[in-house]
Amino acid sequence: MANTSSPNPPAPGAPPGFEDDSVVVADRVSTKPPPMYRVLLLNDDYTPMDFVVGVLQLVFTMTREQATQVMLQVHRTGMGTCGVFTKEIADTKVQQVIEIALEHQHPLQCTMEPN
Ligand code: TYC
């Protein structure tokens, strides 16, 4: 919120025309962290394991070992977390996964939820 009242005395020695105290001063600074979103990968019966590992490495900058662990988690439980991001970044990553999967005609699905 902005404080548009006049809390500021004129600056000492301000040049003519600059003596007014109309500077807008923020009286409350937002320190809230942004809402975060969890990006989830879903299992299916058709997408090759190696393809999933490659996508996780590319989109989420995981090592091959990390990507393999996430892929196996998804394969075994039906779902797994790729990471937690701000909304814009989560959106972008979900779209990237879906686009790469479509390009290769795999049914791999990716979604996001508030964390
Ligand atoms: N279940 C797939 C298979 O057996 C592998 C797989 C893992 C697919 C993770 C999707 O998100 C996924 N080939």
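In what follows, the structure referred to is the one given above.
Residues numbered from 1 in each chain as written. Predicted model: local features only at pLDDT ≥ 70, side-chain atom pairs only at ≥ 80, totals over all residues. Heavy atoms only, no water.

1. Some points on the site of the ligand
In step 1: Taken together, L41, L42, N43, D44, T47, M49, V52, M71, V74, H75 and L108 make up all the residues around the ligand.
In step 2: Between a nitrogen atom of the ligand and a side-chain N or O atom of N43, the distance comes to 2.8 Å.
In step 3: Between D44 and the ligand, the recorded distance is 2.7 Å, taken from a backbone N or O atom to a nitrogen atom.
In step 4: Look at the ligand: alone it shows 350 Å² of surface, and the protein chains cover 89% of it.
In step 5: For the shell around the ligand, the secondary structure elements donating two or more residues are β3 (36–42), α1 (49–60) and α2 (64–77).
In step 6: Ranked by residue count, the leading element in the shell around the ligand is α2, at three residues.
In step 7: The class makeup of the residues in the shell around the ligand is seven nonpolar, three polar and one charged. (Near = heavy atom within 4 Å. Polar contact = N/O pair within 3.5 Å; in protein donor to acceptor, adjacent residues only side chain to side chain. Areas by Shrake-Rupley, 256 points an atom, 1.4 Å probe, with all protein chains shown as cover. Helix = DSSP H or I, 4+ residues; strand = E, 2+ residues; numbered from the N terminus. Nonpolar A, V, L, I, M, F, W, Y, C, P; charged D, E, K, R; others polar.)

2. Observations regarding the pattern of salt bridges
In step 1: All chains considered together, the criterion is met by two salt bridges.
In step 2: In this structure, R64 and D50 form a salt bridge, with 3.9 Å as the shortest nitrogen-oxygen distance. Here R64, found in helix α2, pairs with D50, found in helix α1; they are 14 residues apart in sequence, far enough to count as distant. (Salt bridge = Lys/Arg side-chain N within 4 Å of Asp/Glu carboxyl O.)

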